[in-house]
Amino acid sequence: MAEVKIAAKPRTEFGKGAARRTRAADRVPGVVYGHGVEPLHVTLPAHDLLMALKTPNVLIRLDVEGGKDELVIPKAVQRHPIKIGVLEHIDLLLVQKGEKVTVEVPIITEGDLAPGGNLLEHLLNALPVETEATHIPESVTVSIAGLDAGATIHAKDITLPAGTTLAVEEDAAVLQVVAAQAEAPAEEGAEGGAEGAEA
């Protein structure tokens, strides 16, 4: 996984007003933590951060003004509840080369289910795995070709890249195929509701 370099500035103002001013300047407030060190409060350029976050579990080389250079991965991202593409805050976790981290990797399916109108149900949208911080897989691919109603894919059935292990029970159900439900006829419940109303 390639590193994305982002310039960061130390943050000295806190509170809602300071956060508003930061966002008005097209920057995102964030905190860098981990490895038992004091949390580092920073601001990051909103556009650069938004582009970087298009890659799940992106590895970011944080170039902090004042000479600090940190390797981090996003741990929690707060997005604006209404405005699309607006980040409110980000938590970044310090990592080192060779260090193992637990992350959730997106699951991508390939192939077509068996004919017959079956539906694929995602019981997990992302697979929790433990992997090296600098080699986090962008996704895992699962073949659903020919699967029929009643089929279930468990975590242990998914092929993981070398150096990556499951961080969830092996028997955890990830995907299942269900038969399409026939629509039930509308109930005739409107009639007879007034019976007994006359005294």
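In what follows, the structure referred to is the one given above.
Just so it is clear, the model here is predicted, and its values are computed rather than measured.

*Asks:* How should the side chain of R61 be read in this particular structure?
*Replies:* As for its placement among the helices and strands, R61 is situated in strand β4 (residues 59–64). In this structure the side chain of R61 is engaged in a polar contact, spanning 3.1 Å, whose partner is the side chain of E3.

*Asks:* Is there a simple way to think about the pairing of strand β5 (residues 68–79) in this case?
*Replies:* Remark: a regular strand shows side chains that alternate across the two faces of the sheet. Bridge count between β4 and β5: five bridges; the pairing is antiparallel. Opposite L62, over in β5, you have E70 as the bridge partner. In sequence, β4 turns back onto β5 through a hairpin of three residues, with G66 there showing a positive phi of about 110°. Pairing geometry for β5 and strand β6 (residues 87–94), over seven bridges, is antiparallel. Residue I73 lies in a different strand from β6, and its bridge partner there is L93.

*Asks:* Got a minute to help me understand unusual backbone geometry in this structure?
*Replies:* Negative phi characterises most residues that are not glycine, and trans characterises most peptide bonds. One non-glycine residue with positive phi stands out, namely D26, at about 65°. The residue D26 is located in the loop between α1 (16–24) and β2 (27–34) in this model. Here H35, not a glycine, exhibits a phi torsion of approximately 60°, which is positive. Relative to the helices and strands, H35 is located in the loop between β2 and β3 (37–45). Given the relative accessible area of 40%, H35 is considered partly exposed.

Criteria and thresholds
- Residues numbered from 1 in each chain as written.
- Predicted model: local features only at pLDDT ≥ 70, side-chain atom pairs only at ≥ 80, totals over all residues.
- Heavy atoms only, no water.
- Helix = DSSP H or I, 4+ residues; strand = E, 2+ residues; numbered from the N terminus.
- Polar contact = N/O pair within 3.5 Å; in protein donor to acceptor, adjacent residues only side chain to side chain.
- Pairing = 2+ DSSP bridges.
- Buried < 20%, exposed > 50% of the residue type's maximum accessible area, 1.4 Å probe, protein only.

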